[in-house]
Amino acid sequence: MNYNARKIAVEILHSVEELKAFSNIEINKRVKVVKDIRDENLIRELVYGVLENKLYIDNIIKNLSRTKYNKIDIIILQILRIGVYQIYFMEHVPDRAACNESVDLTKSFNKKRLSGYVNGILRNASRNKSKEYLPNKKNNLIEYLSIKYSHPKWIVEVFIKDFGESFTEELLKSNNTNPPLSVRVNRNIVTRDELIQILNSHDILAEKTNYSKDGLIVSKPRNITELKEFKEGYFTIQDESSMLVAQVMDPKEGSIVLDICSGPGGKATHIAEAMNNRGKIISRDIFDHKLDLINKNALRLNIDIINTEEYDALIFDDSLKKSVDYCLVDAPCSGLGLLRRKPDIRWNKSIGDLDTLSKMQITILRNAAEYVKTNGILIYSTCTLTKKENMNVINEFLKLNDEYSLVEINTVDMDDNESLKKGYIELYPNIHGTDGFFIAKLKRIK
Ligand SMILES: C[S@@+](CC[C@H](N)C(=O)[O-])C[C@H]1O[C@@H](n2cnc3c(N)ncnc32)[C@H](O)[C@@H]1O
């Protein structure tokens, strides 16, 4: 073994923070040299654990450091973060090991002179582990929630405004949990029951999803995408929430579908599967490399009814007017429904993005509406939770467009069927166990 897992974790965190690298891409790149699955798991846990708990951890460091927080050396800060994370969150790592490993790491980055400083803070953290150093919850609720669950204050404020205080706390808590791994069965090749058997034969446990008719929740094997069945298109990795889009659309075989923001094609390929690969799907995206991914996914899944086109959905396309039976607007959004899966999102977005995005979403939806035939279906979806990007967009759209109305969703079963009757679905990690997600079903009535 000529690598050090903790050192790799520090380097990844440094790239994410200083070079704005995406954590999942950076991890996948760096774990290639790692031979032992336990080391790979340790790297993932340290990186995601620190990103998910950054404000909480930094608050502890601020309370224990004699050096001012903004004067701490950037590599030392990452070493302290993974040290505090191990002490506070990883019960199976002895505190002494967390301290010693961090001191060794400090030396390995040629910062031996700071090893006493690192040692002091971490020994102190270990001695005072029961202390959280949190602000008073009653007097400083936003600050308290922000630090306790490590979400920037603006996100806490938006969630409290949209969902109230106690729901927000539950939501923030669940954003720091480990999401399940779900796969979508390609029903043109196998049934769900058959795929469960196949996965079991590879020692992978699988059970049916609650809401999607095509989903399985699977135990997490190291490389599920290395299985022969994956390569042959039996299944696709996708969160259950995203699987509901095709289920809500419920497209008929032989119809014409436009997926206006389609890359990398997760939903377009599902729609094609639901149409038994008969009909036509126009998959558009503004980025050429995402169209390549759609084509690659379609090839793996034995789908040949998808035509990809590079096109900016903000620009109206007269040639498509009233020409499609179904249109999907899976809009670019803030992604605040994905915080469990992509902890970087919380640090890379700002409140200003919500206004910019909602304006863009309304423009794309209004253009898309023009392409649908009378009696056709328009689906609007996002992987975010903010009202501004979800229901407000739909209300604004309906105000400007009397040719559409929301229609009942009768292809999904849920406990709360009030919103289904009204034509939309809101999914929350703390309630449904899925990513946070929004889907609205609109029908062109004129
Ligand atoms: C939420 S993702 C779509 C995910 C996709 N439907 C799937 O299931 O795999 C939004 C997509 O919109 C694309 N996009 C962003 N701005 C766009 C624009 N102005 N026109 C077309 N596509 C755009 C992004 O490149 C991104 O691929």
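Keep in mind it's a predicted model, so treat the numbers as computed, not measured. (Residues numbered from 1 in each chain as written. Predicted model: local features only at pLDDT ≥ 70, side-chain atom pairs only at ≥ 80, totals over all residues.)

Turning to the overall build of the protein, a few remarks are in order. Secondary structure summary: the protein contains 20 helices and 12 strands in total. Computed over the C-alpha atoms, the radius of gyration of the protein is 24 Å, within 12% of the 22 Å expected from 2.2 N^0.38 for a compact globule of 446 residues. Oriented by its inertia axes, the alpha-carbon framework of the protein measures out at about 70 × 50 × 40 Å. The buried share of the protein, reckoned over its 446 residues, is 42%. The long-range share in the protein, meaning contacts at least 24 apart out of those at least 6 apart in sequence, stands at 72%. (Helix = DSSP H or I, 4+ residues; strand = E, 2+ residues; numbered from the N terminus. Rg over C-alpha atoms; globule rule 2.2 N^0.38 Å. Buried ≥ 20, exposed ≤ 12 C-beta atoms within 10 Å, placed from the backbone. Contact = placed C-beta atoms within 7 Å.)

As a further point, take the environment of L64. Its location among the elements puts L64 in helix α4 (residues 54-64). A tally of 18 C-beta atoms within 10 Å means that L64 is categorised as partly exposed. C-alpha of L64 to C-alpha of V158: the two residues are 94 residues apart in sequence and 31 Å apart in space. Those residues within four positions of L64 in sequence are excluded, and the remaining contacts are I121, N124 and A125.

Turning next to the site of the ligand. Surrounding the ligand, one finds 18 residues, the nearest of these being C261, G263, G266, A313 and D330. Looking at the shell around the ligand, the elements that each hand over two or more residues are α14 (266-274) and β6 (280-285). Residue classes in the shell around the ligand are distributed as 7 nonpolar, 5 polar and 6 charged. (Near = placed C-beta within 6 Å. Nonpolar A, V, L, I, M, F, W, Y, C, P; charged D, E, K, R; others polar.)

Further remarks concern helix α17 (residues 351-370). Along its 20 residues, α17 runs 30 Å from first to last C-alpha, staying within 8% of the 28 Å computed at 1.5 Å per residue. Within α17, the full set of buried residues consists of L354, L357, S358, Q361, I364, L365, A368 and A369. Looking straight down α17, one finds its buried side chains confined to an arc of 135°; they lie on one side. In α17, those exposed residues whose orientation departs by more than 90 degrees from the buried face are G352, D355 and T356. Looking at the buried residues of α17, the elements they touch are β8 (324-330), β9 (372-382), α18 (391-400) and β10 (404-406). (Expected span 1.5 Å × (residues − 1). Arc of directions from axis to C-beta.)

Inspection of the secondary structure puts P251 in the loop between α13 (240-249) and β5 (256-259). When the C-alpha atoms of P251 and H432 are compared, they prove to be 25 Å apart, with 181 residues separating the residues in sequence. When neighbours within four sequence positions are excluded, P251 is seen to be in contact with V257, I271, A274, M275 and Y326.

Among the 11 residues of β9, 8 are classified as buried, and the element is accordingly described as predominantly covered. Bridge count between β8 and β9: 6 bridges; the pairing is parallel. Residue pairing in the sheet places L328 in a bridge with I379 of β9. Bridge analysis of β9 against strand β12 (residues 437-444) gives 6 bridges, and the strand direction is antiparallel. Among the inter-strand pairings, Y380 is bridged to a residue of β12, identified as A440. (Pairing = 2+ DSSP bridges.)

Our next topic: the nonpolar core. Within the largest apolar cluster, 71 residues are counted, with the highest numbers of intra-cluster contacts made by C327, V329, L378, I379, Y380 and I439. No fewer than three residues from each of domain 2 (141-174) and domain 4 (240-444) sit in this core. What C327 contacts, discounting residues up to four positions off in sequence, is L258, I260, A368, Y371, V372 and L378. Among the nonpolar cores identified, the runner-up in size contains 35 residues, and V10, V47, L105 and L122 belong to it. (Core = buried A, V, L, I, M, F, W, Y, C linked by C-beta atoms within 7 Å. Domains from an automatic or database assignment.)

Attention now moves to helix α15 (residues 288-300). Residues that lie three or four places apart on an α-helix share one face, since the helix turns once every 3.6 residues. Between its first and last C-alpha, α15 extends 19 Å over 13 residues, near the 18 Å set by a 1.5 Å rise per residue. Looking at the buried side of α15, the elements it contacts are α14, β6 and β7 (306-310). N302, located one to two residues past α15, shows a positive phi value of around 60°.

Another aspect to go through is the UniProt feature "active site" (unreviewed entry) in the protein. If you check UniProt for "active site" (unreviewed entry), the listed places come out as C383 in our numbering. Turning to its location among the elements, C383 is positioned in the loop between β9 and α18. Excluding residues within four positions of it along the chain, C383 makes contact with C333, G335, G337, L338, D435, G436 and F437. (UniProt positions renumbered as here; feature names shortened; annotations may be inferred.)

If you check the domain split of the protein, you get domain 1 (5-127), domain 2 (141-174), domain 3 (181-237) and domain 4 (240-444). Relative placement of domain 2 and domain 4: their C-alpha centres are 27 Å apart. Counting residues at the interface gives 9 residues for domain 2, matched by 10 residues for domain 4. Within the residue set of the side of domain 2 that touches domain 4, elements represented by two or more residues are α9 (153-163) and α10 (165-174). The leading source of residues in the side of domain 2 that touches domain 4 is α9, at 4 residues. The residue inventory of the side of domain 2 that touches domain 4, partitioned by class, reads 5 nonpolar, 2 polar and 2 charged.

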